[in-house]
Structures are given as C-alpha cells and as structure tokens.
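Summary of structural features
What follows is each chain in one-letter form.
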Amino acid sequence: MASTETTSNDDSDLAGLEAGLDALEVGSAVKAPLLGRLARRAAPPLTAALLVLAVWQLLVWAQVTDPYKLPAPSDVGGEIRAAWLRGTLLGYIWTSVSRGLLGFALALVIGTPLGLLVARVRYLRAAVRPVLSGLQSLPSVAWVPPAVIWLGLNNKMMYAVILLGAVPSIANGLMSGVDQVPPLFLRAGRTLGATGLRGTWHIVLPAALPGYLAGLKQGWAFSWRSLMAAEIIASSPELGLGLGQLLEAGRTNSSMSMVFLAVLLILLVGVTIDLVIFCPLERWMLRTRGLLLHE
C-alpha cells in the first residue's frame, strides 16, 4: 500500500513538473502586439519628459533666476527650429553619434579579447587587472590634453580618448562575468569536448553574458562621456561641429538657449541608444534564460 502511494506521489510530482514546464513554454511564447509594446515602453520616458518640461516652465514663471540664466522651453524650442531651418541640427547629432558608435565598436573589438585573455590567464590577471581598474576610475577628460599633444586636433585624437575610456569598462565587465561562470559548466563543457576556443565560444561567453552586457553598457556610457569631454575641450575646423562643440559654442556666446539645446541633444542620444540597443539586448538575454515570460 505504501509503495502504491509513493508511486502515486511520484507520478503527481512528475505531472506537476511537466505542467509547469508547459506553462513556462506557453508564457514565453506570449507576446503583446508590437504597437502595444512600443506604447508601453515609450509612455514612461515621455511622461518623465513632460513632467520635466512642466517643472522647467514653472521655474521660469516663478522667476527663480535671471531669464538669461534660465531660458524658457519655448526659447530652446526656437533654437531647435532655427538649427533645423539652417540644416545643421542633424549634422550636430550625426557628427557626435558617428564618432561615438565607431569608437565604441573599436573599443568592443579590443576590450572583448583583452577581457577574456586577462580573465583566463592567471599571470595577466594579477598584472593587468589592477591597471584596468585604475584606468576605469580615471576621469576621461584627463586623457584629452595628452591625446591632443600626441595625435593633434583630429578624429584620431577623439577615438583615442573614447578607447581609453571604454576599453577598461568592457574588459572589466567581461572579467566579472567570467568569474561568475559556475565551474560545473566548464567541467561539463570539457566532458563534451568544448575546450580551448570552442569552450570559450560555447560555454564561457554565453554564461558570462550578464556581466559582459553590464560592461558594454558602462563602456558606452564612458565612451559617450569621453567623446563629449574631448569635443568640449578640443576645437578645430577639421573636427566639424558636434554636440560637445555646440555646448562650448553656447558657453562662449553666453547663449543659454544654445547650451540647453546641446544638453538636451546629448541626453536624447544617450536615452535613444539605451532604448534601441541595450534594452533589447537585455530583454533577449532574459528571455533566453526563461526570466522574461511576457513582453
């Protein structure tokens, strides 16, 4: 009788497990309509932006400071309209975004193998990781003067500053991800023949993806800030007019509306890159791990 009850309980547990797995598979396949997902994702940032504009306008009406120090949103809107009519608005954005994305891609190509190498070779870890951590904590603006002296006022200088700001973050993020890979995964991979580069590609990188993705986000933030610092400090006709140069031009001309325009555009690019690139990557990672059942 006891044996029969035990068998019945085991069957019940197995059935419950199968039902749970089926529910998980069904849940992961449920996706809301595209327009609905876009609306849900766009609503919070738009609400926050409207709230900021409302508070900004209230501060202007309350005259908390002189008008030339705090322009009204309409004044900044007029600056945007003027730049659009001159045909320079998209040029400001493209000059900086193209530099930032290309520099970040170069940092990705350099930082990824560097992070893997340092994470997997004990001697390099002891020698190089403290240097990478020190470089990561160094303000990016500190690299602009030596980069100008070494490379001159050109795009090479811009890319050098971006690399010095982004590579340590990408490498450190990947190393942290590799450190969190369970040893059981590595042993299982070796048992199945996944050693060397094959094990790195099929075992280590997928398991280290959360830390790697965090390093990529931080690396982009560092590269974007490094670029803005370089554009603010270094000015030359050969460099064109990016968002950092626009910000510095507003300061030079004592035009707070131009300064606010540059700040808003810099913020807009940062938010857009996060929403378009990194948020989908994070959702994909969570979905592949069964941690995101509904979208």
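These figures come from a predicted structure and were not determined experimentally.

**Topic: the nonpolar core**
In terms of nonpolar packing, the biggest core is built from 55 residues, with Trp224 and Leu243 touching the most fellow members. Of all the elements in the fold, those that place two or more residues in this core are helix H3 (73-86), helix H4 (89-120), helix H6 (144-151), helix H7 (155-179), helix H9 (196-207), helix H10 (209-233), helix H11 (243-252) and helix H12 (256-288). Per-element tally for this core: the top contributor is H7, with 12 residues. Excluding residues within four positions of it along the chain, Leu243 makes contact with Tyr92, Ile93, Ser96, Trp224, Met228, Glu231, Ala262, Leu265, Ile266 and Val269.

**Digging into the packing of H4 against H11**
Running from N to C, H4 and H11 point in directions that differ by 130°, and their axes come no closer than 7 Å. The angle between H4 and H11 places the two elements in the oblique class. Contacts between H4 and H11 involve Tyr92, Ile93, Ser96 and Arg99 from the former and Leu243, Gly244, Gln245 and Leu246 from the latter. Per-class residue counts for the contact of H4 with H11 are 4 nonpolar, 3 polar and 1 charged.

**As for the packing of aromatic side chains**
As enumerated under the stated definition, the model contains 4 aromatic pairs in all. Geometrically, the ring pair formed by Phe104 and Trp220 is edge-to-face, given 5.8 Å between the ring centres and 85° between the ring planes. Of this pair, Phe104 sits in helix H4 while Trp220 sits in helix H10, and the two are 116 residues apart along the sequence. The burial state of Phe104 is the same as that of Trp220; both residues are buried. One aromatic cluster in this structure is built from Phe104, Trp220, Trp224 and Phe278. Sitting over the ring of Phe222, Arg225 keeps its end group 4.8 Å from the ring centre.

**Comments concerning the pattern of salt bridges**
Going through the model one piece at a time under the given rule, you end up with 6 salt bridges. The partner of Asp179 in a salt bridge is Arg125, with the nearest N and O atoms 2.6 Å apart. Remark: Arg125 occurs in helix H5 (residues 122-137) and Asp179 occurs in helix H7; sequence separation between them is 54 residues. With relative accessibility at 23%, the residue Arg125 sits in the partly exposed group. With a shortest N-O distance of 3.2 Å, Glu282 and Lys217 are connected by a salt bridge. A residue pair is termed long-range when its members are at least 10 positions apart, and Glu282 in helix H12 and Lys217 in helix H10 qualify at 65 residues.

**Examining the environment of Ala171**
Among the secondary structure elements, Ala171 is positioned in helix H7. Between the C-alpha atoms of Ala171 and Leu216, which are 45 residues apart in sequence, the distance is 8.9 Å. If we ignore the near neighbours within four places in the chain, the residues touching Ala171 are Gly111, Leu114, Gly115 and Leu132.

**Re the layout of surface pockets**
Each pocket or cavity is described by its volume, and for the largest pocket that value is around 830 Å³. Around the largest pocket, the lining is made up of 26 residues, and of these Pro45, Leu46, Ala49, Leu268 and Val271 lie nearest the centre. Listing elements by their share of the lining of the largest pocket, those giving two or more residues are helix H2 (34-62), H4 and H12. No other element matches H12, which puts 12 residues into the lining of the largest pocket. Considered as a void within the structure, the second largest pocket measures approximately 270 Å³ in volume. As for the second largest pocket, its lining consists of Thr112, Trp201, Leu205, Pro206, Leu209, Tyr212, Leu213, Leu216, Leu281, Trp284 and Met285.

**A look at unusual backbone geometry**
In most cases, non-glycine residues show a negative phi, while peptide bonds are predominantly trans. Within the chain, Gln63 stands out as a residue other than glycine whose phi angle is a positive 55°. Residue position: Gln63 is located in the loop between H2 and H3. Residue Gln63 is classed as exposed on the basis of its relative accessible area, which comes to 65%. In this structure, Ser254 takes a positive phi of about 55° despite not being glycine. Of note, Ser254 is situated in the loop between H11 and H12.

Rules behind the numbers
Residues numbered from 1 in each chain as written. Predicted model: local features only at pLDDT ≥ 70, side-chain atom pairs only at ≥ 80, totals over all residues. Heavy atoms only, no water. Core = buried A, V, L, I, M, F, W, Y, C linked by side-chain atoms within 4.5 Å. Buried < 20%, exposed > 50% of the residue type's maximum accessible area, 1.4 Å probe, protein only. Helix = DSSP H or I, 4+ residues; strand = E, 2+ residues; numbered from the N terminus. Contact = heavy atoms within 4.5 Å. Axes fitted to C-alpha atoms, helices over the stretch in contact; angles between N-to-C directions. Parallel < 35°, antiparallel > 145°, perpendicular 65-115°, else oblique. Nonpolar A, V, L, I, M, F, W, Y, C, P; charged D, E, K, R; others polar. Phe/Tyr/Trp six-rings, centres within 6.5 Å; stacked < 30°, edge-to-face > 60°. Lys NZ or Arg CZ within 6 Å of the ring centre and 35° of its normal. Salt bridge = Lys/Arg side-chain N within 4 Å of Asp/Glu carboxyl O. 1 Å grid on protein atoms, 1.4 Å probe; cavity = no way out; pocket = protein on both sides within 12 Å on 5 of 7 lines; lining within 4 Å. Points joined across faces, edges and corners; volume = space filled by probe spheres on them.

None of this, on its own, says anything about what the molecule does.
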